[in-house]
Protein chains: 2
Amino acid sequence: MPDLDRTHDPDRRSWVASANTAACHFPIQNLPFGIFSMDGQSPRAGVAIGDRVLDLSRLAGAGLLSAADPALWHGPDLNPLLAAGPAVWRGVRLALSDLLEAGNPSLRDAAVLRESALVPMAAARLHLPIFVRSFTDFYASREHATNVGALFRGRENALPPNWLHIPIGYNGRASTVVVSGTDFHRPLGQLKAPEADAPTFGPCRRLDFELELGAIVGTGSELGRPVTTGEAYDMIFGYVLLNDWSARDIQTWEYQPLGPFQSKAFATTISPWIVTRDALEPYRIACPERVHPLLPYLQERTPNNFDIHLEASLAPAGGPRGASVISRTNSRHLYYSAAQQLAHHAVSGCRMCTGDLLGSGTISGPTRDSLGALVEMTRGGSVPVLLECGATRTFLEDGDRLALTGWCEGRGHRVGFGECSGTVLPAPCQPEW
Amino acid sequence: MPDLDRTHDPDRRSWVASANTAACHFPIQNLPFGIFSMDGQSPRAGVAIGDRVLDLSRLAGAGLLSAADPALWHGPDLNPLLAAGPAVWRGVRLALSDLLEAGNPSLRDAAVLRESALVPMAAARLHLPIFVRSFTDFYASREHATNVGALFRGRENALPPNWLHIPIGYNGRASTVVVSGTDFHRPLGQLKAPEADAPTFGPCRRLDFELELGAIVGTGSELGRPVTTGEAYDMIFGYVLLNDWSARDIQTWEYQPLGPFQSKAFATTISPWIVTRDALEPYRIACPERVHPLLPYLQERTPNNFDIHLEASLAPAGGPRGASVISRTNSRHLYYSAAQQLAHHAVSGCRMCTGDLLGSGTISGPTRDSLGALVEMTRGGSVPVLLECGATRTFLEDGDRLALTGWCEGRGHRVGFGECSGTVLPAPCQPEW
């Protein structure tokens, strides 16, 4: 494996000037991968650098990306790169970091190629970066599990007895994972007030978001072969922001005994840029202290969590003052790492695949301003959140735009995730049933 | 749409003699689709007729299947055929029925083509017929839900309050769906006795099967667009037998609050031949009488259930007397049809896709000999089942082979599903955690 140390060097600067500002999410230390297209072009692989996208397909065509097969970059998704494995990921990271480094003239001074390969991100359309083979959502924040458990089952049954032993998760719906910027309709479904005899049908009235991190599986595992947490860590290609939009009223009525279903299956939004685990390496930290020792298959020999600052902001339609930040939290609060979740996922012999997406579960911190979902902030809809524009919210209203962002704080730079946003459209017209 | 009446005619006979016996599952009235390969050949599309497989790729190459694009048959899965839609499905069915009809000489008398296109099923390898985009498992047998609910939650809480209003289901794991004949390892996982303080780790001790029917979605739906039960019926390409192997001890400990996860993610077996809904048309029947009226979006204007006789048999390794039939049931017991399940699945706006697989849930009848899982037959493992060889079983042991079969009883013929089987291998060696 190539040594990646110089790709993390905080003193490294790029000849792409916009990459060198302190607040930029995409400095030369980051180099996240995505799929983009320009007007009239087919979707292809790119890397974000400053306010630009570097077209890897064009770069490979010019012979400047010899670390990998040129076919990896032609799109429509990054799954071929994911399947290529860690040695290729690292080789490409190193090549790109060196190519974009301030003193390297190979692309910097090749004006024609540079103009065609380095395009403004603002003019690019960003696509779903992977074909999501399967989507699994976990439940790894102890604060969130306790807060929501108390609302759904009462304070005394808040944290289920298995929670401190198992990284609890469920299979979600891969076909409804969409890229940031994809607006979606408020879902229809069955609703039942606690005192009602029978359910009614209509638009969800308690529409919520969930602030999560998504881990993307690069290399898979075989049916019938468990993997260790160490192997699992290495199987993960990278991470995205993830919003698991949730219909709380549909969820309350449907979730027993087989778990959430249609309440979580109308949209799950991910950010377009996959921040590689190689880029996150300097920000590894240990999981919180264990309440009970974990079973051996879940124990970790290395710190596999990350120190990522996360925020959620809400902007009502046409509001005069834009977005209000309604949560500031950190992925360090996760009780289970993505590596532990993946090891648990495979422990029965479940085959894991290139393109599997694992949501961390809502990330809530211990304080009122660090909660990752409205249902927690508003204590089940009873205490409204006040926005800067003067409006209040218990749950999301039509036209609301919810955005997540997140970054690791480096010395003089940020390794950032960009934005993960979506706007709520009204419920669809009902067909003639 | 072509008129399919003559494809159902009980008097129609084939020039493939083995298709004309009363017990054959694959008479000319059936014509199920699958993916097969012969030694040294790539997997391709075929249709079962008697004890033969008709190679559709070869047939199309010879110009005898003009009803559809030749590219549909080249494999490695039937998803291109599924996506082609009902008009193509029917055109091909009609063409194949006429081609195989006793009096039609076009293939019957073309000796060279016939020899190469009509191969013995016993010599063919049968593959997973579709790329399973997503797998969803429902819970549609009232008897099963009541029996299992009583074991998991007590008799008084057996049927959850939502069950008579919602076709309850959960997202399963697509990557572990395997074709009949694929043996699998007993899963490892967390186990906890009710009286124990903490879980232990090891091989499942309560390994079970679940007798189900699987519906295969042909044409998909758009994100944000609910579908009616009538549309849902038409979206389904066909049906297979499905065994949702289950680790009951892992399930008991893990399933609260987000549903079954690793207890169902080590293997789900389906039969290799997809019986089309066009072939099942003569066997349509109404669902059981409703306890409560359903909400309008779930109501049906046509009978969308099917009258399919189903059996499960168990053969211990090296047993002297072969397999014992341990259950005889019928899909008519399902309280919700696959069309209702699919309409519910899409109601939130969930995008449904070509290749989605919907399990019916375990099909149990009202009598002790019509139960679809060992946990029900043995009342939670307390009353062993006696096999013909003299052995008894509470749950599955290593080496046990469990097979499902099923058919519709026509006049002088059976429209059958063949077999859906798997053998339990010992738990895998554990890695050095």
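Residues numbered from 1 in each chain as written. Chains lettered and ligands numbered in written order. Predicted model: local features only at pLDDT ≥ 70, side-chain atom pairs only at ≥ 80, totals over all residues. Heavy atoms only, no water.

Q: Before we move on, can you summarise the overall build of chain A with the specific residues and values?
A: Helix and strand content of chain A: twelve helices and 26 strands. Since a compact globule built from 433 residues should have a radius of gyration of about 22 Å, the 22 Å found for chain A is in line with a globular shape. If you line up chain A on its principal axes, its C-alpha atoms span 70 × 55 × 45 Å. The 433 residues of chain A split such that 63% are buried. For chain A, the exposed area adds up to about 14,600 Å²; of that, 51% sits on carbon and sulfur atoms. Within chain A, one finds 37 positive and 44 negative side-chain charges whose respective centroids are separated by 1 Å. (Helix = DSSP H or I, 4+ residues; strand = E, 2+ residues; numbered from the N terminus. Rg over C-alpha atoms; globule rule 2.2 N^0.38 Å. Buried < 20%, exposed > 50% of the residue type's maximum accessible area, 1.4 Å probe, protein only. Areas by Shrake-Rupley, 256 points an atom, 1.4 Å probe, with all protein chains shown as cover. Lys, Arg positive; Asp, Glu negative; His and termini not counted. Charge placed at Lys NZ, Arg CZ, Asp CG, Glu CD.)

Q: Lay out the packing of aromatic side chains with the relevant residues and their values.
A: Between two aromatic rings, the relevant description is the distance of the centres plus the angle of the planes. On inspection of all chains with the given rule, the structure shows 32 aromatic pairs over all chains. Relative to Tyr336 of chain B, the ring of Tyr335 of chain B has its centre 5.1 Å away and its plane inclined at 80°; by these criteria the two rings are edge-to-face. Through a chain of ring-to-ring contacts, three or more aromatic side chains come together here, namely Phe33, Trp73, Trp89 and Phe237 of chain A. Across from the ring centre of Tyr233 of chain A, 3.8 Å away, lies the NZ or CZ of Arg284 of chain A, which sits over that ring. Positioned above the aromatic ring of Tyr335 of chain A is the side chain of Arg290 of chain A, whose terminal nitrogen or guanidinium carbon lies 4.5 Å from the ring centre. (Phe/Tyr/Trp six-rings, centres within 6.5 Å; stacked < 30°, edge-to-face > 60°. Lys NZ or Arg CZ within 6 Å of the ring centre and 35° of its normal.)

Q: Provide a residue-level description of the sheet that holds strand S4 (residues 118-120) of chain A, including the pertinent values.
A: Residues and elements named next belong to chain A. If you trace the five strands from one edge of the open sheet to the other, you get S4-S3-S2-S1-S5, paired in antiparallel fashion. What marks the edges here is a single partner per strand, and that holds for S4 and strand S5 (125-127). Between one strand axis and the next, the sheet turns through 50° on average, direction left out of account. In terms of strand pairing, strand S2 (residues 44-49) meets strand S3 (residues 52-55) through four bridges, oriented antiparallel. Across the sheet, the residue bridging to Ala48 is Val53, located in S3. (Pairing = 2+ DSSP bridges. Axes fitted to C-alpha atoms, helices over the stretch in contact; angles between N-to-C directions.)

Q: Could you give an account of the interface of chain B and chain A, with specific residues and numbers?
A: On the side of chain A, 68 residues touch chain B, which itself brings 68 residues to the contact. Counting the surface lost from both chain B and chain A, the interface buries some 6,300 Å², and carbon and sulfur atoms represent 62% of this. When the buried surface of chain B facing chain A is broken down by residue, Leu258, Phe261 and Trp433 of chain B rank first, second and third, together holding 14% of it. Along the contact surface separating chain B from chain A lie two salt bridges. Asp356 of chain A is the salt-bridge partner of Arg173 of chain B, the closest N and O atoms lying 2.5 Å from each other. Between the two partners, chain B and chain A, sit 24 residue pairs in polar contact (both at pLDDT 80 or more). When contributions to the side of chain B that touches chain A are tallied by element, the ones reaching two or more residues are strand S6 (135-138), strand S7 (169-171), strand S10 (188-191), strand S11 (200-203), helix H9 (248-254) and helix H11 (338-346) of chain B. For the side of chain B that touches chain A, the per-class residue count stands at 39 nonpolar, 21 polar and eight charged. (Contact = heavy atoms within 4.5 Å. Buried area = accessible area lost by both parts, 1.4 Å probe. Salt bridge = Lys/Arg side-chain N within 4 Å of Asp/Glu carboxyl O. Polar contact = N/O pair within 3.5 Å; in protein donor to acceptor, adjacent residues only side chain to side chain. Nonpolar A, V, L, I, M, F, W, Y, C, P; charged D, E, K, R; others polar.)

Q: Before we move on, can you summarise the side chain of Arg393 of chain B with the specific residues and values?
A: Residue and element names in this part refer to chain B. With respect to the element layout, Arg393 can be found in strand S24 (residues 392-393). Given the relative accessible area of 8%, Arg393 is considered buried. Apart from residues no more than four positions distant in its own chain, Arg393 is found in contact with Leu314, Pro316, Thr378, Pro384, Val385, Leu387 and Asp400.

Q: Give me the lowdown on the sheet that holds strand S3 (residues 52-55) of chain B, citing residues and values where you can.
A: Residues and elements named next belong to chain B. Across the sheet, which stays open at both edges, the five strands sit in the order S4-S3-S2-S1-S5 with antiparallel pairing between neighbours. Of all the strands in the sheet, just strand S4 (118-120) and strand S5 (125-127) have a single pairing partner and so form its edges. Pairs of neighbouring strands in the sheet enclose a mean axial angle of 50°, with direction left out of account. The pairing of S3 with S4 spans three bridges and is classified as antiparallel. Paired with Val53 across the strands is Val119, a residue of S4.

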